[in-house]
Structure formats: structure tokens, C-alpha cells
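Listed below are the residues making up each chain.
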Amino acid sequence: MRVESKRLLIDDVKLRDKEDYFLNISHDKEVLKTFVCNYAEDLESFDFSRNVGRDDIFAIRLADTGKLIGIFVEYEVNKDKKCLEIGYGIGSAHWGKGYMTEVVRAMLTYYFTQTDFQTVYASFFPENIASKRVMEKCGMTFSHIHEKEFSYLGKERDLIYYKIEAR
């Protein structure tokens, strides 16, 4: 898959992305607070191979440099009902620039024009107001709350779900 927006490119994660992935996702402690991922202490011991060649994890790249600044994930929720769940994380150095809104809009357009998906869900931790704003800017609306959905960073975590349906 390859999806482009004005400033960004969403495509497959490649072996050459290891250092950028490490710096912007797996070693960025601010990202850990908003996006579920495993922390990596150093680049040498970072097991990156499990992220390459998958059909559910995509690189978010700056279009002008090709550098990976974040990742976008998708999970098929219900094939019969054509439902998909998305998630995203971006290095904290790139927060506040409108990149995630641009990515989510581009991906929603892709899903609703190039695939059969009819409903797309996304979730966020209650304290992650920036992710909530991204969803709202992209036309997503509240769906439900799943209390204590899982344990992460030593505590039970609630998730708030938003959704959007094809028009």
C-alpha cells in the first residue's frame, strides 16, 4: 500500500527505517505515554525485524525526505461487517504540526474509496486529548468506552473509542 498526502507518505516499513523507528517510536518515552509499544533502550539491541514486511504496520514518512517519523497500524475488527480499527504513533518531535490529522484523513479517504471497509474505529487513552482532537477533526464521533481494557505501563487502562462510517 502507498498513500500520499500533501506533506506525507504512508507505505511499508523497510529495513532501512530501523534508526528512525527507534528514535521516533520505540525509544521516545513521550510516545510510550500515548501509543502502546515496547520501549527499546538502545539501537543495537532493538529487535526491529518483527516490524518489517507486515501488512498491518505502515511507515509515516515526510514526503520531502522519506524519513520515517511515525507509524500507522490497522486491525480488521469484523470482516463480515467490513470494520477496521486504526492506530497511530508519531515521534514527539513531530507533535503539534498537524501530521496525524493529515495521515488519518488520507487513510480514511483510502479506506472508503479503495476498499470495502464501511466502518473505521480508533481509540485513545482518556488523557490523550491530542489524539481525540485528531479523530474529531477527521469526522470521527464517540462510539464507546472500554474500561480497564488492558494493563499498560503498570496500570489498568481505559480506552475511548471513536468511529466513522462510509457515506
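Before reading further, recall that the structure is shown in the block above.
Criteria and cut-off values
- Residues numbered from 1 in each chain as written.
- Predicted model: local features only at pLDDT ≥ 70, side-chain atom pairs only at ≥ 80, totals over all residues.
- Heavy atoms only, no water.
- Helix = DSSP H or I, 4+ residues; strand = E, 2+ residues; numbered from the N terminus.
- Rg over C-alpha atoms; globule rule 2.2 N^0.38 Å.
- Buried < 20%, exposed > 50% of the residue type's maximum accessible area, 1.4 Å probe, protein only.
- Contact = heavy atoms within 4.5 Å.
- Areas by Shrake-Rupley, 256 points an atom, 1.4 Å probe, with all protein chains shown as cover.
- Core = buried A, V, L, I, M, F, W, Y, C linked by side-chain atoms within 4.5 Å.
- Phe/Tyr/Trp six-rings, centres within 6.5 Å; stacked < 30°, edge-to-face > 60°.
- Polar contact = N/O pair within 3.5 Å; in protein donor to acceptor, adjacent residues only side chain to side chain.
- 1 Å grid on protein atoms, 1.4 Å probe; cavity = no way out; pocket = protein on both sides within 12 Å on 5 of 7 lines; lining within 4 Å.
- Points joined across faces, edges and corners; volume = space filled by probe spheres on them.
- Nonpolar A, V, L, I, M, F, W, Y, C, P; charged D, E, K, R; others polar.
- Pairing = 2+ DSSP bridges.

### Comments concerning the overall build of the chain
- On a plain count of helices and strands, the chain comes out with 4 helices and 8 strands.
- Along the chain direction, N to C, the helices and strands of the chain fall in the order β-β-α-α-β-β-β-α-β-α-β-β.
- Taking 2.2 N^0.38 as the reference for a compact globule, 167 residues should give roughly 15 Å; the C-alpha atoms of the chain span a radius of gyration of 15 Å, in line with that estimate.
- Here the C-alpha coordinates of the chain stretch approximately 45 × 35 × 30 Å along the principal axes.
- Evaluated residue by residue, the chain yields a buried proportion of 46% over its 167 residues.
- Sequence separation of at least 24 residues holds for 60% of the intrachain contacts in the chain that already meet a minimum separation of 6.
- When the accessible surface of the chain is summed, it comes to about 9200 Å², and 48% of that surface belongs to carbon and sulfur atoms.

### With respect to the nonpolar core
- Membership of the largest hydrophobic core comes to 31 residues, with the highest contact counts inside it found for Phe-72, Ile-86, Val-103 and Tyr-111.
- Those elements that place two or more of their residues in this core are strand 2 (8-12), strand 3 (57-62), strand 4 (68-78), strand 5 (83-90), helix 3 (99-114), strand 6 (119-124), helix 4 (129-137) and strand 8 (155-165).
- With 8 residues, the top contributor of residues to this core is helix 3.
- Ranked by size, the runner-up nonpolar core spans 16 residues in total, among them Tyr-21, Val-31, Leu-68 and Val-73.

### Overview of the packing of aromatic side chains
- Enumeration according to the criterion identifies 8 aromatic pairs in this entry.
- Consider the rings of Tyr-21 and Phe-48, whose centres lie 5.3 Å apart with planes at 70°: the pair is edge-to-face. Remark: Phe-48 occurs in the loop between helix 2 (29-32) and strand 3 and Tyr-21 occurs in helix 1 (residues 18-26); sequence separation between them is 27 residues. Neither residue differs from the other here; Tyr-21 and Phe-48 are each classed as buried.

### What to know about the side chain of Glu-74
- Assignment of secondary structure puts Glu-74 in strand 4.
- Looking at Glu-74, its side chain comes within polar contact range of the side chain of Tyr-111, at 2.4 Å.
- Not counting chain neighbours up to four residues away, the residues in contact with Glu-74 comprise Asp-55, Asp-56, Phe-58, Leu-84, Glu-85, Ile-86 and Tyr-111.

### Observations concerning the layout of surface pockets
- Empty space within the largest pocket amounts to approximately 1000 Å³.
- Mapped by element, the contributors of at least two residues to the lining of the largest pocket are helix 1, strand 4, strand 5, helix 3, strand 6, helix 4, strand 7 (141-152) and strand 8.
- Class assignment of the residues belonging to the lining of the largest pocket gives a composition of 27 nonpolar, 13 polar and 9 charged.

### Quick look at the pairing of strand 3
- By the criterion of burial, strand 3 is predominantly enclosed, with 6 of the 6 residues buried.
- With burial as the criterion, each face of strand 3 is covered, one bearing Ile-57, Ala-59 and Arg-61 and the other bearing Phe-58, Ile-60 and Leu-62.
- Relative to strand 3, strand 2 runs antiparallel, the two sharing 5 bridges. Across the sheet, the residue bridging to Leu-9 is Arg-61, located in strand 3.
- The sheet contact formed by strand 3 and strand 4 spans 5 bridges and is antiparallel. By the bridge assignment, Ile-57 is partnered in strand 4 with Val-73.
- Turn length for the strand 3-strand 4 hairpin, with the two strands adjacent in sequence and antiparallel, is 5 residues, and the turn residue Gly-66 shows positive phi of about 80°.

### With respect to the side chain of Thr-119
- Residue placement: Thr-119 occurs in strand 6.
- You can call Thr-119 buried: its relative accessible area is 8%.

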